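Each chain, written out:
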Amino acid sequence: RYAFWQGWLLTVLLSVVSLVLSTLIGLIAALARRSSALIIRYVSIAYIECVRGMPLLVLILVLFYVVANAIGVQDRLLVGVVVLSLFAGAYIAEIIRSGIESVGASQLESARAIGLTGGQTYRYVIFPQALRQILPPLAGQFASIIKDSSLLSIIGLAEFTYTAQQVNSATYSTLESYLPLAVG
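(A) Representation of the packing of helix H1 (residues 2-33) against helix H4 (residues 76-101) in the model. In the contact formed by H1 and H4, the axes pass within 5 Å of each other and the chain directions differ by 45 degrees. Judged by the angle between their axes, H1 and H4 are oblique. Crossing of H1 over H4 shows right-handed handedness. When the residues that make up the contact of H1 with H4 are grouped by side-chain class, the tally is 19 nonpolar, seven polar and three charged.

Have a look at this one:
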């Protein structure tokens, strides 16, 4: 029982921290993708397209066994949070970008006509309208972060799925091991 609670709590911690960090990454990448500076825009597009085109399992293996190992980072929890955040951040960037682009051109022209700056236009005109459009897909992406955390068991992170696998290996009680995982 204790192992399941510990695994579940680690999954929740991973998911919450990754959720916050990936939202920040996604917002920055979405705004960078709309930037007028070509280098910033192209770096953002390259990040989004590369990460979205790569399976999460491959990203986990490359970032843990190649990148983290090369720079001397052995903390599996830190690498797990970074991997989940970078992966979900690319998807969130596209969600936010589509929400921003759903705001009509007439709204932008009206904001310019009354003398709002670029920052004020985003804060008072674009983001309030875009937020209504992006909340449903964001909720789906946040649920996906929780489910994707199960792949971190591949690097030995003792989250919920890894715990269920360990209990199953020790007890040979497959149903009793994976039922709490399914409920969780």
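Back to the text.
(B) Structural detail: the side chain of Ser-44. Its place among the elements puts Ser-44 in helix H2 (residues 38-52). In this structure, Ser-44 is in contact with Ala-29, Ala-32 and Arg-33, ignoring residues within four places of it in sequence.

(C) Spatial organisation of the environment of Leu-21. Following the sequence through the fold, Leu-21 ends up in helix H1. Along the primary structure Leu-21 and Leu-86 are separated by 65 residues, whereas in three dimensions their C-alpha atoms are 8.4 Å apart. Dropping the residues within four chain positions of it, Leu-21 is found in contact with Val-81 and Ser-85.

(D) Region of interest: the confidence of the model for the protein. Looking at the protein, pLDDT values average 88 and 94% of them are 70 or higher. Summarising per-element confidence for the protein, the mean pLDDT is lowest in helix H8 (residues 174-183) (70) and highest in H2 (97).

(E) Here's a closer look at the packing of aromatic side chains. The final tally for this structure, using the stated rule, is three aromatic pairs. Aromatic pair Tyr-122 and Phe-127: ring centres 5.5 Å apart, planes at 50 degrees, arrangement tilted. Relative accessible area serves as the criterion here: at 21%, Tyr-122 is assigned to the partly exposed category. Judged by relative accessible area, Phe-127 falls into the partly exposed class, the value being 30%.

Quick notes on the rules
- Residues numbered from 1 in each chain as written.
- Predicted model: local features only at pLDDT ≥ 70, side-chain atom pairs only at ≥ 80, totals over all residues.
- Heavy atoms only, no water.
- Axes fitted to C-alpha atoms, helices over the stretch in contact; angles between N-to-C directions.
- Helix = DSSP H or I, 4+ residues; strand = E, 2+ residues; numbered from the N terminus.
- Parallel < 35°, antiparallel > 145°, perpendicular 65-115°, else oblique.
- Left-handed = near helix turned anticlockwise from the far one by under 90°.
- Nonpolar A, V, L, I, M, F, W, Y, C, P; charged D, E, K, R; others polar.
- Contact = heavy atoms within 4.5 Å.
- pLDDT = per-residue confidence, 0-100.
- Phe/Tyr/Trp six-rings, centres within 6.5 Å; stacked < 30°, edge-to-face > 60°.
- Buried < 20%, exposed > 50% of the residue type's maximum accessible area, 1.4 Å probe, protein only.

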